[in-house]
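Below are the chains, spelled out letter by letter.
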Amino acid sequence: MEASRASETEARQLTTLAMTNYGHFTTMRVESGRVRGLSLHLERLRRDCRAVFGTGLEKDRVRAAVRDALVDAPDPVTVRVTVLDPGLRLERPGAEAHPQFLVTCRPAAVEPPPLRVGTRPHCREVPTVKHTGLFGALHERRLSQCAGFDDALFLDGRSAVSEGPTWNVGFFDGAGLVWPTANVLPGVTMALLRRHHTGAQRAELIDTARLSGMEAAFATNAAVGVRPIASIDGVAYDPEHPVLHTLRKEYESVIPEPL
């Protein structure tokens with residue numbers, strides 16, 4: 001595609017996101033042309049494309065689009081693949097869809113400090129889809145930051161822990177990992193850890209009363225891997241707990257897949 005044509009296409013895609021904000025995406029860390037959990041990212045795009053647009057998605061086209069975007073990108077880099085249809089209008093989202101890809105890159109994050117989070121009652125719309133409707137989640141993040149926290153941790157309708165705005169959460173209670181049983185985004189990093197962790201783990205409802213009984217808490221997403229949580233609503237956790245070092249090693253042991 002010629003540069004001028006590419007610019008016109010991107011402008012139309014960005015206009016679509018601004019006007020309708022109807023689409024879905026995945027974000028991955030690319031290093032030396034490889035991605036941990038690439039197959040899971042591609043499967044997410046395929047699954048969400050069916051849910052959002054009612055149509056299939058060619059994984060090879062996604063890989064080719066990402067490789068093209070990496071030509072002048074730094075290494076490592078965080079890549080976001082957004083799937084949208086500029087032809088769909090506000091008044092007719094049920095029309096036949098013809099999705100396109102918008103691939104964007106930003107420098108990969110350096111290791112961030114442990115998080116201090118505050119709980120907030122909030123459930124993302126269609127939580128199992130990684131969709132572009134981020135206003136509600138980011139608004140809760142902003143309110144938490146304005147209250148002096150680094151981020152928000154959502155509580156569902158049962159006042160049980162669910163997820164963060166852009167990350168999954170896990171805990172260690174001294175006996176094993178504990179993952180919340182809630183309607184959450186099935187995160188790629190969380191899935192990889194659940195596959196590769198050699199210790200005990202289970203999924204349970206975690207209400208706020210149980211937070212003080214946990215020894216460690218952590219956030220997971222593809223951009224940073226495993227990030228310690230230092231506190232939740234003032235309940236402190238050890239950001240250097242040995243289980244966190246174990247989880248990082250297990251995540252780093254996952255062999256990245258070539259694009």
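Residues numbered from 1 in each chain as written. Predicted model: local features only at pLDDT ≥ 70, side-chain atom pairs only at ≥ 80, totals over all residues. Heavy atoms only, no water.

One finds Val30, Val62 and Val79 to be the most contacted residues of the largest nonpolar core, which totals 22 residues. Those elements that provide at least two residues to this core are strand E1 (23-30), helix H2 (38-53), helix H3 (59-69) and strand E3 (77-84). When sequence neighbours within four positions are dropped, the list of residues in contact with Val30 reads Val35, Leu70, Asp75, Pro76, Val77, Val79 and Leu259. Counting 17 residues, the second-largest nonpolar core is a separate cluster that includes Leu115, Leu153, Leu155 and Ile206. (Core = buried A, V, L, I, M, F, W, Y, C linked by side-chain atoms within 4.5 Å. Buried < 20%, exposed > 50% of the residue type's maximum accessible area, 1.4 Å probe, protein only. Helix = DSSP H or I, 4+ residues; strand = E, 2+ residues; numbered from the N terminus. Contact = heavy atoms within 4.5 Å.)

Here the focus is the packing of aromatic side chains. Here the structure, examined in full by the defined rule, presents two aromatic pairs. Between Tyr22 and Phe53, the ring centres sit 5.6 Å apart and the planes meet at 85°, which makes this aromatic pair edge-to-face. With Tyr22 in the loop between helix H1 (3-19) and E1 and Phe53 in helix H2, this pair connects stretches of sequence that are 31 residues apart. You can call Tyr22 partly exposed: its relative accessible area is 35%. Judged by centre distance (5.6 Å) and plane angle (90°), the ring pair of Trp179 and Phe218 falls under edge-to-face. (Phe/Tyr/Trp six-rings, centres within 6.5 Å; stacked < 30°, edge-to-face > 60°.)

What follows covers the confidence of the model for the chain. On average, residues of the chain score 94 in pLDDT, and 98% of them reach the 70 mark or higher. With pLDDT under 50 throughout, residues 1-5 is counted as low confidence; its partners more than four residues away or in other chains account for two contacts. (pLDDT = per-residue confidence, 0-100.)

A few words on the pairing of strand E8 (residues 177-180). Residue alternation in E8 divides its side chains into two sets, Leu177 and Trp179 and Val178 and Pro180, and both sets are buried. Bridge count for strand E7 (residues 168-172) against E8 is two bridges, and the pairing is antiparallel. Bridge pairing in E8 links Phe172 to Leu177. Between the antiparallel neighbours E7 and E8 lie four residues, among them Gly174 with a positive phi of about 100°. In the sheet, E8 pairs with strand E9 (residues 201-204) via four bridges, with the strands oriented parallel. Considered in E9, the bridge of Pro180 is made with Glu204. Since E8 and E9 lie parallel, the crossover through helix H5 (residues 188-196) that links them has a hand, and here it is right-handed. (Pairing = 2+ DSSP bridges. Right-handed = clockwise from strand over helix to strand, strands pointing away.)

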